[in-house]
Each structure stands twice: as structure tokens, then as C-alpha cells.
Amino acid sequence: MSTINTKDGTTLYYKDWGSGPVVTFSHGWPLNADAWDPQLHFLAQNGFRVVAHDRRGHGRSSQPSSGNDMNGYADDLAAVIEALDLRDAVLVGHSTGGGEVARYIGRHGTKRVAGAVLLSAVPPLMLKTASNPDGLPIEVFDQLRASLTQDPSQFYKDLATPFYGANRPGSKVSQGTLDQFWLWSMQSGLKNAYESIEAFSETDQTEDLKKFNVPTLVLHGEDDQIVPVKDSAKKSAKLIRGSKEIYVPGAPHGITATHQELVNRELLAFVRSAGKEGCGVTTGPFLSRSHRGLDYP
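All of these numbers come straight from a predicted model, not from anything done at the bench. (Residues numbered from 1 in each chain as written. Predicted model: local features only at pLDDT ≥ 70, side-chain atom pairs only at ≥ 80, totals over all residues. Heavy atoms only, no water.)

## Overview of the overall build of the protein
Filter applied, for reference: Going along the chain from the N terminus, every DSSP run of H or I of four or more residues is numbered as a helix, and every run of E of two or more is numbered as a strand. We call two residues contacting when some pair of their heavy atoms lies within 4.5 Å. Accessible surface is estimated by sampling points in the Shrake-Rupley manner with a 1.4 Å probe; for residues, cover comes only from the protein chains shown. By the counting rule applied here, Lys and Arg register as positive and Asp and Glu as negative, while His and the ends of each chain are not counted. Here the site of a charge means NZ on Lys, CZ on Arg, CG on Asp, or CD on Glu.
A count of helical and extended segments in the protein gives 11 helices and nine strands. Seen along its three principal axes, the alpha-carbon backbone of the protein occupies a region of about 50 × 50 × 40 Å. Of the contacts formed within the protein by residues at least 6 apart in sequence, a portion of 78% connects residues at least 24 apart. Summing over all exposed atoms, the protein offers an accessible surface of approximately 12200 Å²; the carbon and sulfur share of this is 49%. The distance from the centre of the 30 positive side-chain charges to the centre of the 33 negative ones in the protein is 5 Å.

See below:
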């Protein structure tokens, strides 16, 4: 397997496909890099080098006892980028991976970054606090932790349904899609998955988002039952100067699978434009839009 070792001895698995301008992918909780395969394959076929790693504690990476927080995740992404000497990369993050991308920029800057994509991402903050009254109460995340530790296998089977919107009328989510979510999730270490809940729910990334100075796409499903769009993407877009916003009616959290063609097309258009713009700030805000009425699933 292709792996690198971090400073604290953690082994990170990664896949590296294609050649051309670089796009990195950070996956959601509690999955692994395979969740990005449709996007990796598509962009590699369209002239890009795509790199995706399994987060520490997930997939084929090792399961360390420490570093299971946004700082650790961001530093691991930095380790992959530096080990492979990736430059002018577009960083794409889904869900928790979006937090990873945001914290990477907050901690490591944009010297190696040409653009960023926050896709159904958790920033700026999921938890309800005095300064974030629209967030989700701590009891929601306490229940996640309790259910996870009591019966991880059943917990992941149950979580797959709202993740992909399979509980909505008219859903066409296949059993195979639900099964692979369970398979990927069961590859994560229990301690790592447990601690990651605090990482994705309680990490305030407001200051990270303010440091974005590269072209940025914020893309989110309007029917996301896991990370509500009004408390995440719409707040993040206000903090990122010049960000492009796309909101997809009826789309769930697992939009990369349920709206694969849409996501692939938007990613391709964005990474092409980000490459042309280079590392400077966009000259002005993109128009927000939705895909209502367009020829997408």
C-alpha cells in the first residue's frame, strides 16, 4: 500500500491517481478515501492528479490513541501534501473533511493551495453555544456517542439512511450504497470514531474560515439531515471572501453518491477555474445559485 508516516508515528494510507494539476480529497466521518472514488476517477480521466488519504483512525490508516482532533487531522493533511510535494493544489473536503481543509488553511496557510471546496462541510460550528444559538444541542452529539459505543455495527447501519436521504419519499438510494457505508464505517477504530464526534461538532472554525484567501466553492444539499445547511454552508460562505455558493434542492448529506454527476461537473468546472486564477483572492463574489430545474438527478 502507499503510505506515509507522520511525526507522531501514525501511518497514513493514501491513493494517488492520474497526472496534471493536483486536487486533494478529505473524506467525511466515519468513512475513508474510497468514498471519493467516483470523483477521483472522474477527475483523473479529465487531466488531474488526485490524492486522497484515509484519516488517522479510519480505513487503512493506523489507529493512534492521540491526535483525533481537527489539529491532528489538519497536520496529517499537511504531512501528505509535504511528503508528496504537492503544489498549487485544490483542497476538497466533505463533512468532517471540510473541517480538516479549513483547519489546514488556518494552521498551515495557502502557500501550496490554489483553491478550496467545502462540500456538505461541518464549519463553522455545529454545536449550539451562547455565540452560536442556531447550532445543535450537545445532547444530539452525546446520543451519537452513546449509540456508537453501545452497538457500533447497528449504529452505522442506521446512520446510513439519513446520510443518503434514503428515508425520504421517492428515494432511489440502492441497498449497495447503504451497505458500503456500513463497510467503510466498520473499518474505523472505535476510539478514533468516538473522539472524532467532538472534533467535528465542537470545533469552532470561524477564525480558520476568515483566513481563506484562495478561490473557494461552498456546495451543500438543502435537505442535509446530518449537517443542516443553514447552520454550516450559509454561515461559512459569509466568512469566506469571494466564495462561490451552490445549494442543491432535495440533496442529502451524502451528495457525492446521490448526486454524483452534479458534484463531478461542479468540481471539474471549479478546479479548472481555480487553476487559472492561481493563488490570489478572487476579484469579486460569485453569484449564489441552486440547481433547481437543471438536468441533474
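Next comes the rest of the description.
## Observations concerning the nonpolar core
Taken as a class, soluble globular proteins show a tendency for nonpolar side chains to be buried jointly. Filter applied, for reference: Side-chain atoms within 4.5 Å link the members of a nonpolar core, which is a set of buried Ala, Val, Leu, Ile, Met, Phe, Trp, Tyr and Cys residues. The classification of residues rests on relative accessible area computed with a 1.4 Å probe and restricted to protein chains. Under 20% of the type maximum is buried, over 50% is exposed, and intermediate values are partly exposed.
In terms of nonpolar packing, the biggest core is built from 32 residues, with Leu91, Tyr104, Leu118 and Phe212 touching the most fellow members. It is helix H2 (residues 70-83) that contributes the most residues to this core, six residues altogether. Leave out the neighbours within four places in its chain, and leucine 91 touches Thr24, Leu77, Ile81, Val101, Tyr104, Val113, Gly115, Ala116 and Val117.

## Description of the packing of aromatic side chains
Operational definition: For Phe, Tyr and Trp, where Trp contributes only its six-membered ring, two rings pair if their centres lie within 6.5 Å, and the inter-plane angle classes them as stacked under 30 degrees, edge-to-face over 60, or tilted in between. By the criterion adopted, a ring carries a charge over it if an Arg CZ or a Lys NZ lies within 6 Å of its centre and within 35 degrees of its normal.
One pass over the full model with this rule turns up eight aromatic pairs. On the basis of an interplanar angle of 50° and a centroid distance of 4.7 Å, the ring pair of phenylalanine 163 and phenylalanine 181 is categorised as tilted. Of this pair, phenylalanine 163 sits in helix H5 (residues 152-163) while phenylalanine 181 sits in helix H6 (residues 175-185), placing them 18 residues apart in sequence. Across this residue pair, the class does not change: phenylalanine 163 and phenylalanine 181 are buried. The rings of Trp29, Phe141, Phe155, Tyr156 and Phe200 are connected pair by pair, giving a single aromatic cluster. It is lysine 234 that lies over the ring of tyrosine 247; its NZ or CZ is 5.0 Å from the centre.

## Topic: H2
The condition is simple: By this rule the span expected of a helix is its residue count minus one, scaled by 1.5 Å.
In this model H2 runs 20 Å from its N-terminal to its C-terminal C-alpha over 14 residues, within 8% of the 20 Å that 1.5 Å per residue would give. In terms of burial, H2 is a largely internal element, 10 of the 14 residues being buried. By the burial criterion, the buried members of H2 are Met70, Gly72, Tyr73, Ala74, Asp76, Leu77, Ala78, Ala79, Val80 and Ile81. Immediately beyond the C-terminal end of H2, within one or two residues, lies aspartate 85, with a positive phi of roughly 50°.

## Side note on the packing of H2 against helix H3 (residues 96-108)
In plain terms, the rule: The angle between two axes is taken between their N-to-C directions and runs from 0 to 180 degrees, where each axis is a line fitted to C-alpha atoms and a helix contributes only its stretch in contact. Should an angle fall under 35 degrees it is called roughly parallel, over 145 degrees roughly antiparallel, and 65 to 115 degrees roughly perpendicular, with every other angle called oblique.
Viewed as axis vectors pointing N to C, H2 and H3 meet at an angle of 75°, and their least axial separation amounts to 8 Å. By the criterion of interaxial angle, the relationship of H2 to H3 is roughly perpendicular. In contact with Met70, Asn71, Tyr73, Ala74, Asp75, Leu77, Ala78 and Ile81 of H2, H3 contributes Thr96, Gly99, Glu100, Val101, Arg103, Tyr104, Arg107 and His108.

## Re the pattern of salt bridges
This is how it is decided: Counted as salt bridges are all cases of a side-chain nitrogen of Lys or Arg within 4 Å of a carboxyl oxygen of Asp or Glu.
In total, this model carries 21 salt bridges according to the counting rule given. Ionic pairing is found between aspartate 75 and arginine 107, a salt bridge with its closest N-O pair at 3.0 Å. Taken together, the residues span a long stretch of sequence, with aspartate 75 in helix H2 and arginine 107 in helix H3 at a distance of 32 residues. Here aspartate 75 falls in the partly exposed class, since its relative accessible area comes to 29%. For glutamate 261, the salt bridge goes to arginine 265, with nearest N and O atoms at 2.1 Å.

## Points about the side chain of histidine 253
Inclusion rule: Polar contact is the term for a pair of N or O atoms within 3.5 Å; when the atoms are in protein, one must be able to donate a hydrogen and the other to accept it, and sequence-neighboring residues count only if both atoms are side-chain atoms.
Mapping histidine 253 onto the fold places it in the loop between strand S8 (244-248) and helix H10 (255-258). According to the relative accessible area criterion, histidine 253 is buried, its value standing at 0%. Within the structure, the side chain of histidine 253 is placed 2.9 Å from the side chain of serine 95, a separation counted as a polar contact.

## Points about the confidence of the model for the protein
Note the cut-off: For every residue, the predictor states its confidence as a pLDDT score lying anywhere from 0 to 100.
In the predicted model, the protein carries a mean pLDDT of 93, and the fraction of residues at 70 or more is 93%. Note on residues 279-297: pLDDT under 50 across the span, and 47 contacts to partners over four residues away in sequence or across chains.

## Quick word on the pairing of strand S7 (residues 216-221)
Rules: Pairing between strands is defined by DSSP: at least two bridges between the two strands are required. With strands facing away from the observer, any crossover in which the path from the first strand over the helix to the second runs clockwise is taken as right-handed.
Counting buried positions along S7 gives six out of six residues, so the element sits mostly inside the fold. When strand S6 (residues 113-119) meets S7, the two strands line up parallel, connected through four bridges. Counterpart to leucine 119 in the pairing with S7 is leucine 219. When S7 meets S8, the two strands line up parallel, connected through five bridges. If you follow leucine 219 over to S8, its bridge partner there is isoleucine 246. As for the winding sense of the linkage, the β-α-β connection from S7 through helix H9 (residues 233-239) to S8 is right-handed.

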